[in-house]
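Descriptive structure summary
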Amino acid sequence: MFQSFFPKPKLFFSSAVVWALIGVLFWYTIGRSLGEDLGFVRLPADQQPIGLAHFITPDFLWFYVVYGAFTLAFAAFWWVFGDNHKWQPWSVWGSALIIFITYFSVQISVAVNNWRRPFWDSIQKALEGDQSITDGHLYGLMLIFAQIAFVAIGVFVLQRFFVSHYVFRWRTAMNDYYTSMWGKVRHIEGASQRIQEDTMRFASIMEGLGVSMIDAVMTLIAFLPVLLALSSYVTELPFIGEVPAPLFLAAIFWSIFGTTLLAVVGIKLPGLEFRNQRVEAAYRKELVYGEDHEDRADPMTLGELFGNVRKNYFRLYFHYMYFNLARSFYLQADALFATFLLVPTIVAGTITFGIFQQILTAFGQVSSSFQYLINSWTTIVELLSIYKRLHAFEAAIFGHGLPEIDQEQYMEPGGDVES
């Protein structure tokens, strides 16, 4: 799954994580001050531009330079130690481009959030009868939003187009890897399905899930400082009182609570999804044999095999029932949680409507990023089941021990045991 596309996958991913952490630490410790020494002077918070100028501030230009330098260093390392892997240009440079485009799209959300304060403060003033707010002023702010929106559309289309090609290259690498050993794998039960269907579904899920995971990480990097800054407007939390960085701490607590809750209640789902594929495969195999052999696929055998399918589906439905119950309760509470935290501040009248909108957006971005597992759990479960099947397939190819779940035995029709 991975060595077909990435050079030395374990080292590649571990080095990528370490290098990314070094880059983030560099940026938030000495990187920005080094940029100021080189002439990329950061603008004060009250002078941050509204609109597309956000992307060409000195601080943002310096980020382009730093990201390019770190990417070049990482690519140079793997150019030397990557064993001339066929798909290395896509796996290294393609991954770096996806990360950059995703970060840029997150910064578009930051730009929109910066726009919210002047726009909604102007709306509030206009509703209060402030004559300084004119039609032209509001139309001008709407035009700024339209400019940001057009850039967002362009970046989104570019991102989806490139990611689709990137993921299909990954599927091509898996396909070439497995089919190159066809003489060895053709005797493995379900080999054709693993190579065609599972690689297709693996690529399809990774196209959406992988990007959303990168987006969650980039959103945290971009919006955590914003939420920390906005925490200065909130003096206390309901029933708790004054705490340092209240919004920041509340977002982390609420997200960790939700992620832990759903991870616990959904712990059985990946295994059940995997077993579901096994009983479906057994039923499908008997039907295929029945097309060519009259003594196969008799009604009693098919009824027994379909009974296994029915039993496993009903178990899935039961476990998804309480999982969806817990998930729905949490998401409904999440819809009002940020506003609940702001009640004392709203009653005290210490923030404007524009700041209120900024806080809701920043809190929602940080919270949803921390809740990545919650929002993507069912898709992750499906991906895990595909991973388990391909992992078992590779174990069969190389004669390795099967994963524990694949060693479980079940009864074939007629009393035969199949493992």
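Check the entry above for the structure.
Our subject in this report is the structure included herewith. (Residues numbered from 1 in each chain as written. Predicted model: local features only at pLDDT ≥ 70, side-chain atom pairs only at ≥ 80, totals over all residues. Heavy atoms only, no water.)

1. A short note on the overall build of the protein
Counted only if it meets this: Only DSSP runs of H or I reaching four residues or more are called helices, and only runs of E reaching two or more are called strands; each is numbered from the N terminus. Exposure classes here rest on a 1.4 Å probe applied to the protein chains alone. A residue is buried below 20% of its type maximum, exposed above 50%, and partly exposed in between. Reported accessibility uses the Shrake-Rupley method at a 1.4 Å probe radius. Residues are deemed covered only where the shown protein chains occlude them.
Each helix and strand counted, the protein has eleven helices and two strands in total. Here the C-alpha coordinates of the protein stretch approximately 90 × 50 × 40 Å along the principal axes. Sorting the 419 residues of the protein into buried and exposed places 42% on the buried side. For the protein, the accessible area works out to roughly 22500 Å², and carbon and sulfur atoms hold 66% of it.

2. Regarding the packing of helix 6 (residues 191–230) against helix 7 (residues 246–265)
Put simply, the test is: Between N-to-C directions, angles span 0 to 180 degrees; the directions come from axes that are lines fitted to C-alpha atoms, helices contributing only their stretch in contact. Each angle is binned into one of four classes, with values under 35 degrees roughly parallel, values over 145 roughly antiparallel, values of 65 to 115 roughly perpendicular, and all other values oblique. In this description, contact between two residues means that some pair of their heavy atoms is separated by no more than 4.5 Å. Note on residue classes: Ala, Val, Leu, Ile, Met, Phe, Trp, Tyr, Cys and Pro are nonpolar, Asp, Glu, Lys and Arg are charged, and everything else, Gly too, is polar.
Axis separation between helix 6 and helix 7 bottoms out at 7 Å; the angle between their running directions is 130°. Here helix 7 runs oblique to helix 6, going by the angle between their axes. Here Leu224, Leu227, Leu228 and Leu230 of helix 6 come into contact with helix 7, specifically with Leu247, Phe248 and Ala251. A per-class count over the contact of helix 6 with helix 7 returns seven nonpolar, no polar and no charged.

3. Structural notes on the pattern of salt bridges
Under the convention used in this document: One side-chain nitrogen of Lys or Arg within 4 Å of one carboxyl oxygen of Asp or Glu is enough to make a salt bridge.
In this structure the tally under the stated criterion is four salt bridges. Here Arg32 makes a salt bridge to Asp59, at a shortest N to O gap of 3.6 Å. One end of the pair, Arg32, is in helix 1 (residues 9–37); the other, Asp59, is in helix 2 (residues 58–81), with 27 residues separating them in the sequence. For Arg32, a relative accessible area of 24% translates into the label partly exposed. The partner of Asp176 in a salt bridge is Lys86, and the shortest N-O contact between them spans 3.9 Å. With Asp176 in helix 4 (residues 135–179) and Lys86 in the loop between helix 2 and helix 3 (88–127), the pair connects residues that are 90 residues apart, well separated along the chain.

4. Details of helix 9 (residues 299–348)
Put simply, the rule is: A helix is expected to reach a length of 1.5 Å times the quantity of its residues less one. Here the bend at a residue is taken as the angle between two axes, fitted respectively to the seven residues that end there and the seven that start there.
Taking 1.5 Å of rise per residue, the 50 residues of helix 9 would be expected to cover 74 Å, and the 73 Å separating its terminal C-alpha atoms lies within 8% of that figure. Remark: the principal bend of helix 9, roughly 50°, maps to Leu342, with a proline, Pro344, within the next four residues. Following helix 9 by one or two positions, Gly349 has its phi on the positive side, about 70°.

5. Notes on unusual backbone geometry
Non-glycine residue Lys8 carries a positive phi angle of around 45°. With respect to the element layout, Lys8 can be found in the segment before helix 1.

6. Quick word on the environment of Gln48
For Gln48, the position within the fold is in the loop between helix 1 and helix 2. Spatially, the C-alpha atoms of Gln48 and Ile397 are 58 Å apart, while their sequence positions differ by 349 residues.

Functional significance is not addressed by these values, which are geometric in nature.
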